[in-house]
Amino acid sequence: MKKFLFLIFNIIFLISCSKSLPPTPNFSRDLPVPPLLNGTLIDGEINYEFEIKKGKSEIIEGVKTETYGYNGNILGPTIKVRKGQNYRFKIHNNLGEKTSVHWHGLRIPGEMDGGPNQMFIDGNYWEPHYKIEQPAATLWYHPHTWHKTGEHAYMGLAGMYIIEDEISDNLPIPKEYGVDDFPIIVQDKRFDRSGNLIYSNEHTDAMYGMRGNTLIVNGILAPILDISKKYIRFRILNGSNASNYLYSFSDNRDFYQIATDGGFLEKSNKLKKIFLSPGERVEIIVEFKEQDKNKNLYLRADDNNIMKFNVMNLDKNIDGIPNTLVNFQEYDIPSNVNTREFILQGMGHMVTINGKQMNMNRVDEYVNLNEIEIWEIRNIGTMHGGMMGRMMNPSNDTDFSNGGKSLNGHPFHVHAVQFRVLERNGREPKAFEDGWKDTIFVDLEEVVKVAVKFEDKGLFMYHCHILEHEDNGMMGTFLVE
Ligand code: C2O
Ligand code: CU
Ligand code: CU
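Summary of the structure given here. The structure displayed is predicted, hence computed values, not measured ones. The numbers attached to residues start from 1 for each chain and follow its sequence in the written order. Just so you know, chain letters begin at A and ligand numbers begin at 1, following the order they were written in. Reporting of local features is limited, given that this is a predicted model, to residues whose pLDDT is at least 70; pairs of side-chain atoms are given and counted only at 80 or more, and all residues count toward the totals for whole chains, interfaces and linings. Values shown for side chains rest on all heavy atoms present in the structure; no hydrogens or waters enter the calculation.

1. Thoughts on the overall build of the chain
For clarity, the threshold we go by: The helix and strand labels rest on DSSP assignments: H or I over at least four residues marks a helix, E over at least two residues marks a strand, and numbering proceeds from the N terminus. Using C-alpha atoms as the atom set, the radius of gyration is obtained and then compared with a globule rule of 2.2 Å times the number of residues to the power 0.38. Contacts are assigned to residue pairs with any non-hydrogen atoms lying within 4.5 Å of each other. Under the convention used here, Asp and Glu are negative, Lys and Arg are positive, and both His and the chain ends fall outside the count. For charged residues, the charge sits on one atom: NZ in Lys, CZ in Arg, CG in Asp, CD in Glu.
Scanning the chain for helices and strands turns up six helices and 34 strands. For the chain, the C-alpha radius of gyration of 21 Å lies close to 23 Å, the compact-globule estimate for 481 residues. Counting only C-alpha atoms and orienting by the principal axes, one finds that the chain spans roughly 55 × 55 × 50 Å. Taking contacts inside the chain between residues at least 6 apart in sequence as the whole, the part at least 24 apart equals 77%. Between the centroid of the 52 positive side chains of the chain and the centroid of its 64 negative side chains there is a distance of 4 Å.

2. Observations regarding the coordination of the copper ion (ligand 3)
Using the following cut-off: The donor definition counts N, O and S atoms within 2.8 Å of each metal and applies 3.2 Å to Na, K and Ca; water is not among these atoms, so some sites may look incomplete.
Coordination of the copper ion (ligand 3) by the protein is provided by His-410 (ND1), Cys-464 (SG) and His-469 (ND1), with metal-donor distances spanning 2.0 to 2.1 Å. Along the chain, the residues donating to the copper ion (ligand 3) are arranged with the sequence spacing H-x53-C-x4-H.

3. Overview of the coordination of the copper ion (ligand 2)
Six octahedral donors at a metal ideally form angles of 90 or 180 degrees, and four tetrahedral donors ideally form angles of 109.5 degrees. Applicable threshold: Only protein chains enter the area calculation, which uses a 1.4 Å probe; residues under 20% of their type maximum are buried, those over 50% are exposed, and those in between are partly exposed.
Those protein atoms acting as donors to the copper ion (ligand 2) are His-102 (NE2) and His-413 (NE2), and they sit at 1.9 Å. Here His-413 lies in strand S28 (residues 410–414) and His-102 lies in strand S7 (residues 102–104), a separation of 311 residues in the sequence. Each member of the pair, His-102 together with His-413, is buried.

4. Considerations on the sheet that holds strand S14 (residues 220–221)
Convention followed: Here the rule is simple: two strands pair whenever DSSP picks up at least two bridges between them.
Spatially, the seven strands line up as an open sheet ordered S14-S13-S12-S16-S21-S18-S19, and their pairing is mixed. Both outer strands of the open sheet, S14 and strand S19 (263–271), are each paired with one neighbouring strand and no more. Sheet topology note: the strand S16 (residues 231–238)/strand S21 (residues 281–287) ladder contains seven bridges and is antiparallel. Directly across from Phe-234, in S21, lies its bridge partner Ile-284.

5. Here we look at the pairing of strand S33 (residues 458–464)
Of all seven residues in S33, six are buried, a share of seventy percent or more. One ladder, built from three bridges, connects S28 with S33; its direction is antiparallel. Note that in S33 the partner of Phe-412 across the bridge is Cys-464. In the sheet, S33 pairs with strand S34 (residues 475–480) via six bridges, with the strands oriented antiparallel. Bridge assignment links Gly-458 to a residue of S34, and that residue is Val-480.

6. Describing empty space enclosed by the protein
Using the following cut-off: Cavities and pockets were defined on a 1 Å grid built over protein atoms only: a cavity is a set of grid points that admits a 1.4 Å probe from which the probe cannot escape, a pocket is an open set flanked by protein on both sides within 12 Å along at least five of seven lines, and lining residues are those with an atom within 4 Å of any such point. Grid points are joined across faces, edges and corners, and a volume is the space filled by probe spheres set on the points. Residues are grouped as follows: Ala, Val, Leu, Ile, Met, Phe, Trp, Tyr, Cys and Pro are nonpolar; Asp, Glu, Lys and Arg are charged; all remaining types, including Gly, are polar.
Inspection of the entire model under this criterion finds two cavities of 30 Å³ or more. The computed volume of the largest cavity comes to approximately 50 Å³. Lining the largest cavity are Gln-257, Ala-259, Thr-260, Ile-274, Phe-275, Leu-276, Glu-280, Arg-281, Val-282, Phe-432, Glu-433 and Lys-437. Looking at the lining of the largest cavity, the elements with two or more residues in it are strand S18 (255–260), strand S20 (274–276) and S21. Of the residues that constitute the lining of the largest cavity, the class distribution is six nonpolar, two polar and four charged. Here the second largest cavity is characterised by a volume of approximately 40 Å³. In terms of residue class, the lining of the second largest cavity is made up of three nonpolar, two polar and three charged.

7. What to know about the pattern of salt bridges
Pairs can form between side chains of opposite charge once their charged atoms are near each other. For the record, the criterion: What makes a salt bridge here is a side-chain nitrogen of Lys or Arg within 4 Å of a carboxyl oxygen of Asp or Glu, nothing more.
Within the structure shown, the criterion is met by 40 salt bridges. Arg-190 serves as the salt-bridge partner of Asp-205, at 2.9 Å between the closest nitrogen and oxygen. Linking Asp-205 in helix H4 (residues 203–207) with Arg-190 in the loop between strand S12 (181–189) and H4, this pair joins segments that are 15 residues apart in sequence. What makes Asp-205 buried here is its relative accessible area of 7%. Classification of Arg-190 by relative accessible area gives buried; the value is 5%. Between Asp-397 and Lys-273 there is a salt bridge whose closest N-O contact spans 3.1 Å. Placement of Asp-397 in the loop between helix H5 (385–391) and S28 and of Lys-273 in the loop between S19 and S20 is noted, with a sequence separation of 124 residues between them. One connected set of salt bridges, linked through shared partners, spans Lys-80, Glu-164, Asp-181, Arg-233, Arg-235 and Glu-283.

This is the structure:
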């Protein structure tokens, strides 16, 4: 009976994905590049101010949709910071309800983290301040409202957060924002007939997370990007609530991965496809050639063309893609290292970590400051799990046991740290994830071991980055002292 019900849910899910036909993309509008947020230096701190509000945007050309945004109508300005510098923010909540602003991937004390313990109400402001203590990386910021993170992010609240340092200044890579260095925020949405966003955390949307049938880039459907430099760096964020995507170019060209979530790789990594689960980022460099001028060339997510390139006369901006990038300081893992296990289980409203659902007044793990630990994350799925993995037609383009297409995989995220993958299913990580990570996809029946060091004090969260799972309680707390 349960198996039968499960099958029915799968069928409903597949139908619900296709019932309202997605709008046809025509690739006529320019890619919106989020503006850089302007700051003012006051008493040794750079001060940034922005507001959280509702607005209307044309995600689909000619259709006005209600969305939420930081300053603008959807998404937010890109925040650029430098290692070693102090920052202070004044964030005004004009959303009409309480929310919070979390800095995903940033190493900061617990009170500045912007998790569910730092929610602030409509009409108020929040004033976090901190020093940047970590290397150059592409992070992001988004709401972390208890039970409503999924809805708030889906309505448009998300922005890029870029850290620069001396190493990124000196690397011979594209680094001119909006010229040869572009943020690419990919999200999927679902619309009703009048062009409103449909959001749900019920039934199949609770089980597998809110998944859309319309892929948008930087807040619009089907953008086109003029390319006038030979080498282009893309900082890609999978900002979807629940869907995994395999990114590639429509002519299957090679590109070079230069960074994971938390910063540069040691060596650039030649690829044709790269997998991102919700919350993960990657930086890549792509070479464009004169002969691309007459091509229909697209960035793809799975089998969907999501952005078109209009290749123009190309300036040679760098000599080539560097092979070596940075040197890692590898962790010296002590022989008596403390190992913790995190068991991801269930689906829908019954998702748990170590058999528990989130309780804001409970500390799940006590961690010692500056200690290295091993966290072992295991996805044991549900009693029906194996079936689902097979149903979703796994591709072997990824290094995940079910091709990353299993709807029962969970992207596990830990706040305020960058960790290293030691093992995936007993094997060393492949190059694409052999760097600093804060979110790691754990497919059905997989186990991933990471080494992590806690360098900031306070109370933090770990959770599944399928936002509906997070909202349904697939989240725990840890206290660093
Ligand atoms: Cu990106 Cu706790 O989140
Ligand atoms: Cu986070
Ligand atoms: Cu999950």
